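# Structural overview for review
What follows is each chain in one-letter form.
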Amino acid sequence: MILYTMIPHELIFPYDGSVYEKQQMVYYQGIPLLVEPVDQQNVQVLRILSSDPQHYLHANLSPGSKISFSNLDPVQ
């Protein structure tokens, strides 16, 4: 869909900051990840924040995967 309008983009598609409030950056085996808590014990991987291409080959780190809080490294 293409909108031909003079109205600013922010007014047509308002920013909803509440979606991003739960997200946090953590380290899992030294790999930085953007995660979101799913329940009391697990987080869901949203994005890999690493620039190393080898980190994207880990099947257990693909977006949507769940990781236990106990397996996360302390923030560096």
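Since we're looking at a predicted model, the values are computed, not measured.

Here the focus is the overall build of the protein chain. Along the backbone of the protein chain there are one helix and four strands. Counting helices and strands in the order they occur from the N terminus, the protein chain gives α-β-β-β-β. For 76 residues, the compact-globule estimate of 2.2 N^0.38 gives 11 Å, and the C-alpha radius of gyration of the protein chain, at 17 Å, exceeds that figure by more than 25%. Considered along the principal axes of its C-alpha atoms, the protein chain spans approximately 50 × 30 × 25 Å. Residue burial in the protein chain is summarised as follows: out of 76 residues, 22% are buried. Look at the contacts in the protein chain between residues 6 or more apart in sequence, and 36% of them connect residues 24 or more apart. Summed over all atoms, the accessible surface of the protein chain reaches about 6,000 Å², with 55% contributed by carbon and sulfur.

Okay, the side chain of H55 next. As for its placement among the helices and strands, H55 is situated in the loop between β3 (42-48) and β4 (66-68). Residue class for H55 comes out buried when judged on its relative accessible area of 16%. Here H55 is in contact with I31, I48, S50 and L61, once residues within four sequence places are set aside.

Attention shifts here to the pairing of strand β1 (residues 24-28). Examined bridge by bridge, β1 and strand β2 (residues 31-37) share five bridges and lie antiparallel to one another. Looking at β2, one finds that Y27 is bridged to P32. In this structure, the hairpin formed by β1 and β2 is closed by a connection of two residues, where Q29 is found at a positive phi of approximately 55°.

Turning to a nonpolar patch on the surface, a few remarks are in order. A cluster of nonpolar residues, M1, L3, I7, L11, I12 and F13, forms a patch on the protein surface that exposes about 680 Å² of accessible area. The topology assignment puts I7 in the segment before α1 (9-12). Overall, I7 belongs to the partly exposed group, its relative accessible area being 47%.

What counts as what
- Residues numbered from 1 in each chain as written.
- Predicted model: local features only at pLDDT ≥ 70, side-chain atom pairs only at ≥ 80, totals over all residues.
- Heavy atoms only, no water.
- Helix = DSSP H or I, 4+ residues; strand = E, 2+ residues; numbered from the N terminus.
- Rg over C-alpha atoms; globule rule 2.2 N^0.38 Å.
- Buried < 20%, exposed > 50% of the residue type's maximum accessible area, 1.4 Å probe, protein only.
- Contact = heavy atoms within 4.5 Å.
- Areas by Shrake-Rupley, 256 points an atom, 1.4 Å probe, with all protein chains shown as cover.
- Pairing = 2+ DSSP bridges.
- Patch = residues over 30% accessible without salt bridge, like charges linked within 9 Å, V, L, I, M, F, W, Y side chains within 5 Å.
- Salt bridge = Lys/Arg side-chain N within 4 Å of Asp/Glu carboxyl O.

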